[in-house]
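# Commentary on secondary and tertiary structure
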Amino acid sequence: HEKLSWESTTPVRKDRDPGPSNARIHARNSIAKEYFTQQHIVIDDQGGLMAEHANLHSDDVHFTAEGAEIQARQVAAEIAKLLPSSSHDALPARR
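In this text the structure is predicted, and so the values were computed from the model without any measurement.

Conventions adopted
Residues numbered from 1 in each chain as written. Predicted model: local features only at pLDDT ≥ 70, side-chain atom pairs only at ≥ 80, totals over all residues. Heavy atoms only, no water. 1 Å grid on protein atoms, 1.4 Å probe; cavity = no way out; pocket = protein on both sides within 12 Å on 5 of 7 lines; lining within 4 Å. Points joined across faces, edges and corners; volume = space filled by probe spheres on them. Helix = DSSP H or I, 4+ residues; strand = E, 2+ residues; numbered from the N terminus. Expected span 1.5 Å × (residues − 1). Buried < 20%, exposed > 50% of the residue type's maximum accessible area, 1.4 Å probe, protein only. Arc of directions from axis to C-beta. Contact = heavy atoms within 4.5 Å. Phe/Tyr/Trp six-rings, centres within 6.5 Å; stacked < 30°, edge-to-face > 60°. Salt bridge = Lys/Arg side-chain N within 4 Å of Asp/Glu carboxyl O.

Bringing the layout of surface pockets into the picture now. As a volume, the largest pocket reaches approximately 230 Å³. What lines the largest pocket is a set of 16 residues, and nearest its centre among them are H26, N29, D45, G47 and G48. Going through the elements one at a time, α1 (22-38) and α2 (46-51) are the ones with two or more residues in the lining of the largest pocket. Looking at the lining of the largest pocket, the element that brings in the most residues is α1, giving six residues.

Here it is, written out as C-alpha cells:
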C-alpha cells in the first residue's frame, strides 16, 4: 500500500528577478498545500522549517550541510510516521 508525502518548497535567501522569489514560493506552496490537504496526502512543511534556519543558506537557494541535516531529520521523521510499526521488525539487521 503506497503512501505519499509532499514537501513544501524552501525559501530563498535572496529573491531574483527573473528567478525564484519568496512571494512566488509562498503562493505556490499555498496552492499545493490546499490541494494535498484535500487529497489527504501528508504534508512535510520544509518551507516552514527552513524559514527558521535562514542563516544556513550556502548560497541564495541551497542550504549548508547543517541545513540539509535539519531537513533530512524532518523528512526521516515524516517517513517513519507513514511506515507501519511492524515494518521496522521486517527490516534486516545492520551488519
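More follows now that the structure is in view.
A cis amide bond links D17 to the next residue, P18, at an omega of 0°. In this structure, P18 sits in the loop between β1 (5-7) and α1. Despite not being glycine, H40 has its phi angle at roughly 60°, a positive value. Looking at where H40 falls in the secondary structure, it is placed in the loop between α1 and β2 (42-44).

Attention now moves to helix α3 (residues 65-82). Taking 1.5 Å as the rise per residue, α3 with 18 residues should run 26 Å; its terminal C-alpha atoms sit 26 Å apart, in good agreement. Inspection of α3 places G67, I70, Q71, E78 and L82 among the buried residues, and these make up the whole buried set. Projected down its long axis, α3 carries its buried residues within an arc of 125°, all on one side. Away from the buried face of α3 by more than 90 degrees, exposed residues A65 and E66 are located. Where the residues of α3 are buried, they touch β1, β2 and α2.

Centre distance and the angle of the planes are the two values used to describe a pair of aromatic rings. Overall, the coordinates contain two aromatic pairs when judged by the stated rule. Seen in terms of ring centroids, W6 and F36 are 5.3 Å apart; in terms of plane orientation they differ by 25°. Their pairing is stacked. Taken as a pair, W6 in strand β1 and F36 in helix α1 lie far apart in primary sequence, 30 residues in all. The exposure classification of W6 matches that of F36, with both residues buried. Between the aromatic rings of Y35 and F36, the centroid separation amounts to 5.2 Å while the plane-to-plane angle is 75°, which identifies the pairing as edge-to-face.

Right, let's talk about the environment of A51 for a bit. Mapped onto the secondary structure, A51 falls in helix α2. Owing to a relative accessible area of 46%, A51 belongs among the partly exposed residues under this scheme. Residues A51 and R13, 38 residues apart in the sequence, show an inter-C-alpha distance of 9.5 Å.

Right, let's get into the pattern of salt bridges. This structure, assessed with the given rule, holds four salt bridges. The salt bridge involving R13 is made with D60; its shortest N-O contact spans 3.5 Å. One end of the pair, R13, is in the loop between β1 and α1; the other, D60, is in the loop between α2 and α3, and 47 residues separate them in sequence. R13 gets classed as partly exposed once you look at its relative accessible area, which sits at 47%. In this structure, K81 engages E78 in a salt bridge whose closest nitrogen and oxygen atoms are separated by 3.1 Å. A residue pair is termed a helical-turn pair when its members lie 3 or 4 positions apart in one helix, as K81 and E78 do in helix α3 at three residues.

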